[in-house]
Structures are given as structure tokens and as C-alpha cells.
Amino acid sequence: MARITAGVGVSHVPAIGVAMDTGHTEDDYYKPVFAGFEKSREWIKQNNPDVVFLVYNDHCTAFSAEMIPTFALGCAAEFQPADEGWGPRPVPVVKGHQKLASHIAQSVILDEFDLTIMNAMEVDHGLTVPLSVMFGQPDEWPCLVVPLCVNVVQYPPPTGNRCYQLGKAIRRAIDSFEEDLNVVIFGTGGMSHQLQYKRAGLINADWDIDFLDRLTSDPVGLSQKPHVDYLREAGSEGIELVMWHVMRGALDDEVVEVHRHYHVPASNTAVGHIILENKT
Amino acid sequence: MSTEEKSAKNATKEYEDIPGTYVFDADRSRQGYHLNMFCISLRLAENRAAFRADEPGYLDQYPMTAEQRQSVLDRDWNEMLRLGGNIYYTSKLAANDGVNFQELAAKMTGMTSEDYRAMMVAGGRSVEGNRYASEWEGKE
């Protein structure tokens, strides 16, 4: 049977992808950003997932203002890296696990989460940067990916509670898939940052650290945090962090934190990263 | 909280008193629709080329307001946001101009790129004094 063994929380700052694509990871500015992922790359090599279930958001790339699905599940055979306005990232095509994705759609929708099904979708830095920081620069990604795209661009995004409960439904779906698969779930985005208007550049390290702590100590309480707290305390774009609750909801109630990395800044953003393992 | 109380609470925009911030909600999305659709068109290289060749002519395809159109031609980034633009859309226009996200952020805050970058390296803009519009009174 398929099983979720671990969860990864990770920022998806576009500048991190640019630094990797243009060979600037050893610069003084980026060195501390990437140093914190060295252990993560070792860890994921050991864990060796068959599938990454990757929760991310599109940044007005695949979805224009015409269509804004709250939860969109990637069911295609493959997902091309998108041109976001400066050419597509030079990274491998992302290959899906279509049978697993279809199974999750069937299970989760009957579990009363009304997903949008995507049979064709380009993916932007929100999805490819987490793969890059975790897997480096291989010729092909070493595992299949099932993308879940969450609207966090137009307010309101789904509530933290809704995301957490969806994570639980995804867990039930994966647990009931008959193929023997090791699945790792990624929640991406954040941490505190504001990209717009006069308050741009806001960072709240204390708030971020508390968020990281409570993923282990108080995940249910954390999922109840109201949206206005994210906006006010972690910046207007910090609300991306609701996506981490999907990841957390899909794990056991009790988890072990095996790695953490926090660094300010990468471009406009606080970089946060955590690896949580199920005890079972 | 009753269902009715919850609905009433959801309808209030509790985030309107955050200073220096436009929360891109459904009202702003409606207001900025054509502006944002113009911006996202610049995602594709052929559209970027057409826009560069004739900015006013290219903008004619998008029925935005005169104010929105002028803010694009002026590259008035904050005005675009005020008129319903969203940063992920306006950043496509910035990318077309060769302005990266950090430079764009600096422009919106009125800082030089060097000062903004230095602020970020020093830990970013503190949340202290920046939570409520009342804290900014007399400072702007």
C-alpha cells in the first residue's frame, strides 16, 4: 500500500531558483541560504520517495485573472516549467503519477473536498524551486510529483483549518492506494514576506519561529490562526503559509522534527524549511 | 459564534487597517481585471515584443480605465496597485522592463535599491510600528 512517511515545509522564493540556475549558490549572499539544505538533500536521498505530493501556489502564471480555483489537483502525465516573463527555468519536466492523482481526486471529492481537476497545467517557480532545493540539479527529477495548486493570490485563500482537514483527506486517499509507494508531502511558500506597496520588505522572525515550533507542538491550534494574523504579522504574501497546513494535516498527529533551517533574507523573503517524520 | 455572526464577521475587511498594504480581495480583483489581464499577457515573449514596439497600441486591446492605462505608461507601480493591480501581475510588467522583484519592491517603498537591499540583509522591515495604520499617522 502507499504511505506518507514524511512532510517537508519549504519556501519557494524565485530568486533561489535564479541563483541555482545561474551558478550563484556559492556567493556570500546565497551561501547561508543553501547551506541549510545540504542535510535536506542527504535526507531525501536516504528517504528516496517514489512520489512527492507537492502543495504550492501559482503566481499568476498558469492561472490568469480569468480563473482562480481554490484547490487544483494536477492529474496530467507531465507538467512543463512555465515562462513567467523571463523564460522558463532550465529544469527537467515534472512527471506526474496519473493513477495516484486520479485515485486522490476520486477519494477526496467524495470526502467532500471539491477539487478542480487539471489535465494540462504549466508549473511555475512555486513548484520547481522546492524540487531544486531538495534534489539539486539532476537531468531528470528522481521521483514522480502530484501537484496541488492552492489559491493564495486572491484573498481569501482557504482557511488554515480547511487546508489541515484537506491534508487529512489526502492522507486517507494515499493510505488506500494499492500500489506500494513511499510518498513525501511538501508544503511550500512563506515564510514572512510582503512584496507590495509601502510596507514591502516586512519580516517577522519571531512569528516565523513560533510557526515552525507549533508544527510539532500544536499543529491543530496553529491551523486555527485567522487570516488577518498572517496578513498583519507575516506580511501580505506571508499568507502563503496556509499551504503548510495541508502538509501537516497529512502527517500523523505526533511527528518528529528531523531538520530545520531559517534564514533572512533571500531577496524579499524569510526562508523557512522543516522536515517532519511520522513516528510510525 | 452563530452562523449569522460568522457571516457578518467574514464580510468585514479586518485587514483594511494594515498600513502600506493593499489586500487583493475580490473587490480589487474586479476593479483591476483588465489591468491584470494586460500584465499577464506579458508572460509570453511574442506579446512582450509587440508591447515594446507600440505600448499605447498594445494597451488598446485591454479596456482598462484611463487612470489605469496612464499608470502603466508612467510605470507608477503604487498607482497600479491602488487601481486594483496585483503585485504578481504588475511584476510581469516589471520583468518586461528588466526590473527584478527586489528592485520593484524598493521602488514601491520609495527607497533606493541599495538601501532596500541593505534593510533586507539586516533582517528586513520590523513588524514593530507597522501593524496598524494608526501607527503610521503623521509619518507618511
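As a reminder, the structure under discussion sits directly above these lines.
Remember, it's a predicted structure, so these values are computed and weren't measured experimentally.

Enquirer: Please explain the overall build of chain A as it appears in this structure.
Expert: On a plain count of helices and strands, chain A comes out with 10 helices and 10 strands. At 17 Å, chain A has a C-alpha radius of gyration in line with the 19 Å of a compact globule built from 280 residues. For the C-alpha atoms alone, the extent of chain A along its principal axes is close to 45 × 40 × 40 Å. For chain A, with 280 residues in total, the buried portion stands at 66%. In chain A, once contacts between residues fewer than 6 apart in sequence are set aside, the share between residues at least 24 apart is 80%. For chain A, the accessible surface area stands at approximately 9,700 Å², while carbon and sulfur atoms represent 48% of it. Computing the positive centroid from 20 side-chain charges and the negative centroid from 37, chain A places the two 5 Å apart.

Enquirer: Where do I start with helix α3 (residues 38–47) of chain A in this structure?
Expert: What sets the pattern is the α-helix's 3.6 residues per turn: residues three or four places apart point alike. All names here are of chain A. Ser-40, Trp-43, Ile-44 and Asn-47 are the residues of α3 that are buried. Looking straight down α3, one finds its buried side chains confined to an arc of 95°; they lie on one side. Of the exposed residues in α3, the ones pointing more than 90 degrees away from its buried face are Glu-38, Lys-45 and Gln-46. The secondary structure elements touched by the buried residues of α3 are β1 (3–10), α5 (125–135), β8 (182–188), β9 (255–266) and β10 (269–278). Asn-48 sits one or two residues past α3 and shows a positive phi near 50°.

Enquirer: I tried to follow the interface of chain A and chain B on my own but got confused; where do I start?
Expert: For interface size, the figure often reported is the accessible area lost on association. With 42 residues of chain A at the interface, the matching set in chain B holds 48 residues. For the chain A and chain B pair, buried surface summed over both sides reaches about 4,100 Å², with 57% attributable to carbon and sulfur atoms. Broken down residue by residue, the surface that chain A buries against chain B is led by A:Tyr197, A:Lys198 and A:Arg232, which jointly contribute 18%. The tally of links between chain A and chain B comes to 4 salt bridges. With its nearest N and O atoms 3.6 Å apart, the salt bridge here joins B:Arg48 to A:Asp83. Where chain A packs against chain B, one counts 28 residue pairs in polar contact (both at pLDDT 80 or more). Those elements that place two or more of their residues in the side of chain A that touches chain B are α9 (227–234) and β9 of chain A.

Enquirer: Mind showing me how you'd approach the sheet that holds strand β7 (residues 144–150) of chain A here?
Expert: Where strands meet in a sheet, backbone hydrogen bonds hold them as pairs that are either parallel or antiparallel. Residues and elements named next belong to chain A. Within the open sheet, the 8 strands sit side by side as β6-β3-β7-β2-β8-β1-β10-β9. Their pairing is mixed. Looking at strand neighbours, the two that pair on one side only are β6 (116–118) and β9, the edges of this open sheet. Sheet twist, expressed as the average angle between the axes of neighbouring strands with direction ignored, equals 20°. Note: strand β2 (residues 51–56) against β8, 5 bridges, orientation parallel.

Enquirer: What is the right way to look at the pattern of salt bridges in this model?
Expert: Working definition: two side chains of opposite charge can pair if their charged atoms are close together. All names here are of chain B. A complete count under the given rule lists 26 salt bridges over all chains for this structure. Residue Asp-25 pairs with Lys-13 through a salt bridge whose shortest N-O separation is 2.9 Å. Residue Asp-25 is located in the loop between α1 (3–11) and α2 (26–31), and its partner Lys-13 is located in the loop between α1 and α2; the two are separated by 12 residues in the primary sequence. The class of Asp-25 is buried, set by a relative accessible area of 5%. Here Asp-27 and Lys-13 are joined by a salt bridge, their closest N and O atoms 2.7 Å apart. With Asp-27 in helix α2 and Lys-13 in the loop between α1 and α2, the pair connects residues that are 14 residues apart, well separated along the chain. Taking relative accessible area as the criterion, Asp-27 reaches 35% and is therefore assigned partly exposed. Note on Lys-13: relative accessible area 32%, which makes it partly exposed.

Enquirer: Help me out: how do you make sense of the pairing of β7(A) in this one?
Expert: Within a regular strand, side chains alternate between the sheet's two faces. Residue and element names in this part refer to chain A. Within β7, 6 of the 7 residues are buried, which leaves it mostly tucked inside the rest of the structure. With 3 bridges joining them, strand β3 (residues 71–74) and β7 adopt antiparallel strand pairing. Note that in β7 the partner of Phe-71 across the bridge is Val-150.

The rules behind these values
- Residues numbered from 1 in each chain as written.
- Chains lettered and ligands numbered in written order.
- Predicted model: local features only at pLDDT ≥ 70, side-chain atom pairs only at ≥ 80, totals over all residues.
- Heavy atoms only, no water.
- Helix = DSSP H or I, 4+ residues; strand = E, 2+ residues; numbered from the N terminus.
- Rg over C-alpha atoms; globule rule 2.2 N^0.38 Å.
- Buried < 20%, exposed > 50% of the residue type's maximum accessible area, 1.4 Å probe, protein only.
- Contact = heavy atoms within 4.5 Å.
- Areas by Shrake-Rupley, 256 points an atom, 1.4 Å probe, with all protein chains shown as cover.
- Lys, Arg positive; Asp, Glu negative; His and termini not counted.
- Charge placed at Lys NZ, Arg CZ, Asp CG, Glu CD.
- Arc of directions from axis to C-beta.
- Buried area = accessible area lost by both parts, 1.4 Å probe.
- Salt bridge = Lys/Arg side-chain N within 4 Å of Asp/Glu carboxyl O.
- Polar contact = N/O pair within 3.5 Å; in protein donor to acceptor, adjacent residues only side chain to side chain.
- Pairing = 2+ DSSP bridges.
- Axes fitted to C-alpha atoms, helices over the stretch in contact; angles between N-to-C directions.

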